[in-house]
Amino acid sequence: MSDGEVEPAEAHDQYLRAFRHPSVSRDQLRDLLDAVNAFLDTITPKEGEVTPRGGWAPESTAMAFQIGRAVEQVLSEREDADRELVRRRDIRDRLVAALDAVLDCLRTLPDLAEAEVALGTICVNEGFQVYEDGAVRSTAQQEACADAGLLERRRVELDEQMTAAVAARTGLVDDTTDLIRERLGVADVGIPWVILAATQGGLDVSEPFEFAADHLPDGELRDLMVQLVTDIELARTLEEPARPLR
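Note that the structure is predicted; figures quoted are calculated from it, not measured.

Student: Can you break down the overall build of the protein chain residue by residue, with the values?
Tutor: Of the regular secondary structure elements, the protein chain holds eight helices and two strands. For the protein chain, the N- to C-terminal ordering of α and β elements is α-α-α-β-β-α-α-α-α-α. Counting over 246 residues, the protein chain shows a buried share of 33%. In the protein chain, of all internal contacts separated by at least 6 residues, the share reaching a separation of at least 24 is 73%. Surface exposure of the protein chain reaches about 15500 Å², of which carbon and sulfur atoms provide 54%.

Right under this line is the structure:
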């Protein structure tokens, strides 16, 4: 190679540095790639055509190939960056949705539980039996000393209120559990993929789940919070380079 000529690898790096500059738009890169491909099309031998030894404009051809490869690489890098940005935003959105659901449940559940307990107390004080699903039943003692019609109307009234109160509480817990499982990608086995990606990306989301586990009543939702905290701790131990979720 003569003095002043640039090695192909060095030329490729120079093109990459130029094309990676933020001021170079994607449309400009595509236009340049179209122009390069058009040029290469014009010098590609057609059927039956005889080309000179070394081809048409060998130096220009080599430069066009270098430019084309560099443009394609930079466009691919930008597409990869776009996909990574979408992935990170999806992870953040999923975490926010899950954490909002937990906090909403923690804020709402005490009022629902208090209303349920108050209503259950009324039922018991009036001599009714209250079941886990909220069903209210009269007792033999009530039936022996009360007007049957009045007793049944009161039982139905309390039964409707009590079952509605239980349904509101259990519905909130069940809906919250389902939403968190869906948003975080919780499966029967393994660390949820959102938790794994967030933890390896440098985010620590264990505190709100620990707080929820400490304040939720026993049940599936609390068990899920405990499991998520365990999953986060396990994800921290995995050896994989962290990619900050900025």
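Student: If you had to explain the nonpolar core to someone new, which residues and values would you point to?
Tutor: Of all hydrophobic cores here, the largest spans 30 residues; its most connected members are Ile180, Leu184, Ile195, Phe209, Leu216, Met225 and Leu228. At the level of elements, α3 (58–125), α5 (148–184), α6 (193–200), α7 (206–215) and α8 (220–237) are the ones that each hand at least two residues to this core. Sorting elements by how many residues they give to this core places α3 first, with nine residues. In this view, Ile180 contacts Ala98, Ala101, Val102, Val186, Leu221, Leu224, Met225 and Leu228; residues no more than four positions away in its chain are not counted. Grouped together as the second largest cluster of nonpolar side chains are 16 residues, Leu33, Leu40, Val71 and Val74 included.

Student: Residues and numbers for a negative patch on the surface, please.
Tutor: On the surface, Asp174, Asp175, Asp178, Asp218, Glu220 and Asp223 cluster together to form a negatively charged patch. Listing elements by their share of the negative patch, those giving two or more residues are α5 and α8. Its location among the elements puts Asp178 in helix α5. Accessibility expressed as a relative area gives 49% for Asp178, which makes it partly exposed.

Student: Describe the packing of α5 against α8, with residues and values.
Tutor: Two elements in contact, α5 and α8, have axes separated by 9 Å at closest approach and are oriented at 30°. In terms of orientation, α5 and α8 fall into the roughly parallel class. Note that α5 runs across α8; the crossing there is left-handed. Every residue of α8 that contacts α5 at Val173, Thr176, Thr177, Ile180, Arg181 and Leu184 is listed here: Glu220, Leu221, Leu224, Met225 and Leu228. Partitioned by chemical class, the residues of the contact of α5 with α8 number seven nonpolar, two polar and two charged.

Student: Give me the lowdown on helix α2 (residues 26–43), citing residues and values where you can.
Tutor: Under the 1.5 Å per step criterion, the end-to-end length of α2 is 26 Å for 18 residues, consistent within 8% with the ideal 26 Å. Inspection of α2 places Leu29, Leu33, Val36, Leu40 and Ile43 among the buried residues, and these make up the whole buried set. Take α2 and look down its axis: the buried residues cluster within an arc of 90°, on one side only. For α2, the exposed residues lying more than 90 degrees away from the buried face are Asp27, Asp31, Asp41 and Thr42.

Student: Mind laying out the pattern of salt bridges, listing which residues take part and the relevant values?
Tutor: Considering all chains together, one arrives at 17 salt bridges under this definition. Notably, a salt bridge pairs Glu84 with Arg87, separated by 2.8 Å at the nearest N-O pair. Of this pair, Glu84 and Arg87 both sit in helix α3, three residues apart, which is roughly one turn of that helix. Look at Arg87 and you get partly exposed, because its relative accessible area is 25%. Salt-bridge contacts for Glu84 lead to Arg88; the nearest nitrogen and oxygen are separated by 2.8 Å. Of the two residues, Glu84 and Arg88 are both situated in helix α3; the distance of four residues between them amounts to about one turn of the helix. As far as burial versus exposure is concerned, Glu84 and Arg88 are alike and both buried.

Student: Residues and numbers for the packing of α6 against α8, please.
Tutor: Packed helices, taken two at a time, are described by the angle their axes make and the gap between the axes. The interhelical angle for the contact between α6 and α8, taken along N-to-C directions, is 45°, at an axis separation of 9 Å. When the axis of α6 is compared with that of α8, the two are oblique. Crossing geometry of α6 relative to α8 is assigned as right-handed. Residues Ile195, Leu196, Thr199 and Gln200 of α6 form the contact with α8, whose own contacting residues are Leu228, Asp231, Ile232, Ala235 and Arg236.

Student: Explain the environment of Glu207 to me, and be specific about the residues and the numbers.
Tutor: With respect to the element layout, Glu207 can be found in helix α7. Glu207 sits 22 residues away from Val229 along the chain, and the two C-alpha atoms are 8.3 Å apart.

Student: So what's going on with the packing of aromatic side chains? Residues and values would help.
Tutor: How two aromatic rings sit relative to each other is given by the distance of their centres and the angle of their planes. Scanning the model with the defined rule gives one aromatic pair in all. Ring centres of Tyr15 and Phe19 lie 6.0 Å apart, and the angle between their planes is 10°; this geometry places the pair in the stacked category. On the criterion of helical spacing, the pair formed by Tyr15 and Phe19 is a turn pair, its members being four residues apart in helix α1 (residues 8–19).

Each value, and the rule that gives it
Residues numbered from 1 in each chain as written. Predicted model: local features only at pLDDT ≥ 70, side-chain atom pairs only at ≥ 80, totals over all residues. Heavy atoms only, no water. Helix = DSSP H or I, 4+ residues; strand = E, 2+ residues; numbered from the N terminus. Buried < 20%, exposed > 50% of the residue type's maximum accessible area, 1.4 Å probe, protein only. Contact = heavy atoms within 4.5 Å. Areas by Shrake-Rupley, 256 points an atom, 1.4 Å probe, with all protein chains shown as cover. Core = buried A, V, L, I, M, F, W, Y, C linked by side-chain atoms within 4.5 Å. Patch = residues over 30% accessible without salt bridge, like charges linked within 9 Å, V, L, I, M, F, W, Y side chains within 5 Å. Salt bridge = Lys/Arg side-chain N within 4 Å of Asp/Glu carboxyl O. Lys, Arg positive; Asp, Glu negative; His and termini not counted. Charge placed at Lys NZ, Arg CZ, Asp CG, Glu CD. Axes fitted to C-alpha atoms, helices over the stretch in contact; angles between N-to-C directions. Parallel < 35°, antiparallel > 145°, perpendicular 65-115°, else oblique. Left-handed = near helix turned anticlockwise from the far one by under 90°. Nonpolar A, V, L, I, M, F, W, Y, C, P; charged D, E, K, R; others polar. Expected span 1.5 Å × (residues − 1). Arc of directions from axis to C-beta. Phe/Tyr/Trp six-rings, centres within 6.5 Å; stacked < 30°, edge-to-face > 60°.

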